[in-house]
Amino acid sequence: GAGVFGHLSDSSLGRKGSLTIICLFNGILGCITALSPNYWVYTLLRFLSGLSTGGVGMCAFVLATEPIGPTKRGVAGMSTFYFFSAGIALLSGIAYIFQSWRSLYVASSIPSIMFITFVIPFVSESPRWYLVRGKTKEAMDVMHRMAQCNGRTIPLNAELTLDDDVNKSNVTLLEEREAVTGSLFDVLRSPITRVRLFLAVLINFCCAIVYYGLSLNVVNLETNLYFNVFLNAMAEMPAYTLTAMMLDRFGRKPLAIGTMWFSGVFCFLGSIMKSYGMWKTLRMICGVLGIFSMAGTYNLLFIYTVELFPTVVRNAALGCATQASQMGAILAPLVVVMGNTLPFFVFSVCGIVGGLLGFYLPETLNRPLYDTMTGMEEGEAIWSSA
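Residues numbered from 1 in each chain as written. Predicted model: local features only at pLDDT ≥ 70, side-chain atom pairs only at ≥ 80, totals over all residues. Heavy atoms only, no water.

## Remarks on the overall build of the protein chain
For clarity, the threshold we go by: In DSSP terms, a helix is any run of H or I states spanning at least four residues, a strand is any run of E spanning at least two, and both are numbered starting from the N terminus. Here the term buried applies to any residue with accessible area under 20% of the maximum for its type, exposed to any over 50%, and partly exposed to those in between, with areas from a 1.4 Å probe on protein chains only. Note on contacts: a residue pair is in contact if any heavy atoms of the two residues lie within 4.5 Å. Each accessible area value is a Shrake-Rupley result obtained with a 1.4 Å probe; residue values ignore everything except the protein chains displayed when judging cover.
Within the protein chain, the regular secondary structure consists of 16 helices and 0 strands. The proportion of buried residues among the 386 residues of the protein chain is 45%. A sequence separation of at least 24 residues applies to 79% of the contacts in the protein chain between residues at least 6 apart. When the accessible surface of the protein chain is split by element, carbon and sulfur atoms take 70% of a total near 18,400 Å².

What follows is the structure, given as structure tokens:
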């Protein structure tokens, strides 16, 4: 789902169109799942739901952050994840009230339908997507509406241009122009983006094992299930605040490495503690601190990945990273069932390895969001020689 909708949102459907279809599928399929007559129908419906769910966070995040400049992008991007954690915390209460799985599916599907009805109609398509698709007039219309909402004005002679058109004097910018397209093959063809994609995939995979594994590992802590899910979700929120405060001070790269290692250390401490008496409480604290730090990493990686790739392939690249995260989420339950001690050790190794891989990524703090592959290659060459 992340791969499919990542490609579609970069091409024909756009960010808003993809998000609309995803939420529609989520709402309808979730409600139909509640009517499953047997296990095989249930499995098929969950698979189809997974196709749509895989792209919802990716499309929503890119749509929310693409129009924002470099000085505020980090704070704005991290702020979106408060709603993610609030949703998990709320889910623990909903699950406690609707303990029948059929009623729980209906209750958890209603927000998607509400989003399509009350929010999507007021959301604009990304002006960057309009621009690379050759729809400069629509892009400028969005920019004027944004300026008006902020009490600002854009000069009438202002124009939008792609980064690889800056030095071209014969480009007519206010007219419809040919769309600039890109695909995953373009990402793999370029030496710059190929290495970035490889590292982003591996780091997201490691982080997802830790993030989802610690969330699921509450079954091994032998404490109240609903309370632990709520506690883990609440522990994530101050992580977003701290990460947002430090993001523009220390940069994406050092913060990503530091948060992964912080989580890895506490997971290691959890692995050497006993599972009885006071030790059980201390292990739960280590788990909460581990997910506290990894939540900051996991969501920071969204911002980091968005900034590593140009607009024409941004969602495709982020889709690959999200696919790697989902693969980590698939493997996380298999780690959790290993017992009481071994899961913490595996989470620790993943956190440390993810941090080591982070050393090979470039810093993107205060760097521009590039629109095209050519623009990014030229821009990176200038930054490297500066």
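Structure shown, so let's carry the discussion forward.
## Considering the nonpolar core
To keep things clear, this is the line we draw: By nonpolar core we mean a set of buried residues, namely Ala, Val, Leu, Ile, Met, Phe, Trp, Tyr and Cys, connected to one another through side-chain atoms within 4.5 Å.
The biggest cluster of nonpolar side chains holds 59 residues, and the ones touching the most others in it are I203, C207, V210, L214, F309 and F347. The biggest single contributor to this core is helix α13 (residues 278-308), with 11 residues. What L214 contacts, discounting residues up to four positions off in sequence, is I209, N232, S263, C267, G287, G290, I291, F344 and F347.

## Let's talk about the state of the cysteines
Under the convention used in this document: Two cysteine sulfurs form a disulfide in these notes if their separation is within 2.5 Å.
Taken as a whole, this structure holds 0 disulfides when the rule is applied. Of all cysteine sulfurs, the one in C206 lies closest to C207, which takes part in no disulfide; the gap is 6.8 Å. Given the relative accessible area of 1%, C207 is considered buried.

## Notes on the packing of aromatic side chains
How we decide: Side-chain rings of Phe, Tyr and Trp (the six-membered ring for Trp) are treated as a pair once their centres are within 6.5 Å; stacked means planes under 30 degrees apart, edge-to-face means over 60, and tilted covers the remaining angles.
Under the counting rule described, the total for this entry stands at 16 aromatic pairs. For the pair Y298 and F302, a centre-to-centre distance of 6.5 Å together with 65 degrees between the ring planes defines the contact as edge-to-face. With a gap of 4 residues between them, Y298 and F302 both fall in helix α13, about one helical turn apart. Each member of the pair, Y298 as well as F302, carries the same accessibility label: buried.

## Here's the deal with the pattern of salt bridges
Note that side chains of opposite charge can pair when their charged atoms are close. Heads up, the condition is: Any carboxyl oxygen of Asp or Glu within 4 Å of a side-chain nitrogen of Lys or Arg constitutes a salt bridge here.
Under the defined criterion, the tally for this structure stands at 9 salt bridges. Within the structure, one salt-bridge network assembled from shared partners comprises D10, R15, E66 and R314.

## Re the packing of helix α2 (residues 14-33) against helix α6 (residues 101-118)
The description of two packed helices rests on the angle between their axes and on the distance between the axes. Rules: Here, axes are lines fitted to C-alpha atoms. For helices the fit covers the stretch in contact, and angles between N-to-C directions go from 0 to 180 degrees. Angle categories are assigned with fixed cut-offs, so that under 35 degrees is roughly parallel, over 145 is roughly antiparallel, 65 to 115 is roughly perpendicular, and the rest are oblique. A clockwise turn of the near helix away from the far one marks a right-handed crossing, whereas an anticlockwise turn of less than a right angle marks a left-handed crossing. Amino acid classes used here: Ala, Val, Leu, Ile, Met, Phe, Trp, Tyr, Cys and Pro are nonpolar; Asp, Glu, Lys and Arg are charged; the rest, including Gly, are polar.
Two elements in contact, α2 and α6, have axes whose closest approach is 7 Å; the angle formed by their N-to-C orientations is 155 degrees. Viewed along their axes, α2 and α6 adopt a mutual orientation that is roughly antiparallel. With respect to the hand of their crossing, α2 and α6 are arranged in left-handed fashion. On α6, the residues that touch L19, T20, C23, L24, N26, G27, G30, C31 and T33 of α2 are W101, Y105, S109, S112, I113, F115 and I116. Taken together, the residues of the contact of α2 with α6 break down into 9 nonpolar, 7 polar and no charged.

## Structural notes on α2
Put simply, the test is: The span you would expect from a helix comes to 1.5 Å times its residue count less one.
Between the first and last C-alpha of α2 there are 28 Å, a value that for 20 residues agrees with the 28 Å anticipated at 1.5 Å per step. Taken residue by residue, α2 has G14, R15, S18, L19, I22, C23, N26, G27, L29, G30 and T33 as its buried positions. In this structure, the buried residues of α2 make contact with α1 (2-10), α3 (39-65), α6, α7 (127-132) and α14 (314-336).

## Let's talk about the packing of helix α12 (residues 252-271) against helix α15 (residues 342-358)
With their axes 7 Å apart at the nearest point, α12 and α15 run at an angle of 160 degrees to one another. As summarised for this structure, α12 and α15 are arranged roughly antiparallel, according to the angle between their axes. The handedness of the crossing between α12 and α15 is left-handed. Judged by residue contacts, K253, I257, M260, W261, G264, C267, F268, G270 and S271 of α12 engage F344, F345, F347, S348, G351, I352, G354, G355, L356 and G358 from α15. For the contact of α12 with α15, the class distribution of residues is 10 nonpolar, 8 polar and 1 charged.

## Examining a nonpolar patch on the surface
We apply this condition: Patches were defined on residues exceeding 30% relative accessible area and lacking a salt bridge, with like-charge contacts within 9 Å and nonpolar side-chain contacts (Val, Leu, Ile, Met, Phe, Trp, Tyr) within 5 Å.
Together, V265, F268, L269, I272, M338, L342, F345, V349 and V353 make up a nonpolar patch on the protein surface, roughly 730 Å² of accessible area in all. Listed by contribution, the elements that provide at least two residues to the nonpolar patch are α12 and α15. No other element matches α15, which puts 4 residues into the nonpolar patch. Mapped onto the elements of the fold, V353 is located in helix α15. According to the relative accessible area criterion, V353 is partly exposed, its value standing at 34%.

## Points about the confidence of the model for the protein chain
Low pLDDT marks regions whose predicted coordinates should not be analysed in detail. What counts here: Values of pLDDT, which run from 0 to 100, indicate the predictor's confidence residue by residue.
In this model, the protein chain carries a mean pLDDT of 84, and residues with pLDDT of at least 70 account for 92%. Contacts of residues 169-176 to residues separated by more than four positions or lying in other chains number 15 contacts, the stretch itself having pLDDT below 50.

## Things to note about helix α11 (residues 225-250)
For α11, which comprises 26 residues, the first-to-last C-alpha distance of 36 Å matches the rise-based estimate of 38 Å (1.5 Å per residue) to within 8%. Those residues of α11 not exposed but buried are N228, N232, A233, A235, E236, M237, A239, Y240, T243, A244 and L247. At the exit of α11 stands G251, carrying a positive phi of roughly 95 degrees.

## What to know about the side chain of T305
Among the secondary structure elements, T305 is positioned in helix α13. Excluding residues within four positions of it along the chain, T305 makes contact with N204, L318 and A321.

## Some words on the environment of L318
By the secondary structure assignment, L318 is in helix α14. In sequence terms L318 and T305 are 13 residues apart; their C-alpha atoms lie 6.3 Å from each other.

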